[in-house]
Structure formats: structure tokens, C-alpha cells
Amino acid sequence: MKGDRVEIVVDAGDTTRTYEVVASRAGRRVETAVRRGVVEVSEVTRSGSVVRTARFMATRVLALVEQPVPREDASERPLTSDVNP
């Protein structure tokens with residue numbers, strides 16, 4: 001969903017670096033995967049096409065923070081009354 005983002009904090013030797021991958025358009029999402037010692041964060045369209053990918057060595061990744069956009073549930077909406085007094 002547009003606005004979803006993932007922050008990746010990487011050990012860069014004497015300092016840390018922070019990278020961010022954001023779902024930039026409506027209908028896109030951010031997916032993460034860890035395969036064969038590599039952390040892969042991708043922005044993906046509805047159809048599953050990868051728009052862009054960021055890859056990091058898993059041994060260097062200090063933190064992987066997923067920050068989804070708050071979604072409104074039907075159960076959390078306030079009840080309204082359409083009845084006129």
C-alpha cells in the first residue's frame with residue numbers, strides 16, 4: 001500500500017547507515033526476503049512486478065524496521081446512526 005516503508009540499518013565499518021525503501025505509488029507494496037545470506041527489500045506492483053530492489057549482506061544488517069501505513073478496519077470505525085429523532 002502506498003506509504004508502506006522499510007528502514008534498513010547497516011553496519012558500515014566505523015559507522016552505521018540507514019536506507020529506506022518506500023511504496024511510492026498506490027497499489028504498490030514493500031516485500032522483504034532473506035535468502036542465502038542476503039537481505040532483499042523490494043518495491044512490488046499489484047501484478048507482482050519488481051520496481052526496485054535493495055540488497056544487503058545479512059551479516060551487516062543491524063536492524064530491519066517495517067513501518068506499514070495504519071489501515072482502518074471496519075471494526076474500528078465509529079458507529080453512526082442514520083435515524084432522525
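Procedures and definitions
- Throughout, a residue's number is its position along its own chain's written sequence, starting from 1.
- At least 70 in pLDDT is required for a residue's local features to be given in this predicted model, at least 80 for side-chain atom pairs to be given and counted, and no such filter applies to totals for whole chains, interfaces and linings, which use all residues.
- The side-chain numbers reported here are obtained from all heavy atoms of the structure, hydrogens and water having been left aside.
- Runs of E in the DSSP output that reach at least two residues are strands. Runs of H or I that reach at least four are helices, and both are numbered from the N terminus.
- Pairs of N or O atoms are called polar contacts if they sit within 3.5 Å, as long as, within protein, a hydrogen donor faces a hydrogen acceptor (for residues adjacent in sequence, only side-chain-to-side-chain pairs).
- We call two residues contacting when some pair of their heavy atoms lies within 4.5 Å.
- Each nonpolar core is a collection of buried residues, namely Ala, Val, Leu, Ile, Met, Phe, Trp, Tyr and Cys, held together in the definition by side-chain atoms within 4.5 Å.
- Only protein chains enter the accessibility calculation, which uses a 1.4 Å probe; a residue whose area is less than 20% of its type maximum is buried, one above 50% is exposed, and one in between is partly exposed.

(A) Region of the structure containing the side chain of Ser-42. For Ser-42, the location among the structural elements is in strand S4 (residues 38-44). Here the side chain of Ser-42 touches Thr-53 through a polar contact of 3.3 Å, side chain to side chain. Excluding its chain neighbours within four sequence positions, the residues that come into contact with Ser-42 are Arg-29, Val-30, Glu-31, Val-50, Arg-52 and Thr-53.

(B) Just the nonpolar core, in detail. Counting eleven residues, the largest nonpolar core consists of Val-6, Ile-8, Val-10, Val-21, Ala-23, Val-30, Val-39, Val-41, Ala-54, Phe-56 and Val-61. When residues of this core are traced back to their parent elements, those giving at least two are strand S1 (5-11), S4 and strand S5 (50-57). Here this core gets three residues from one element, more than from any other, and that element is S1. Here Val-6 is in contact with Tyr-19, Glu-20, Val-21, Val-30, Thr-32, Val-41, Leu-64, Val-65 and Glu-66, once residues within four sequence places are set aside.

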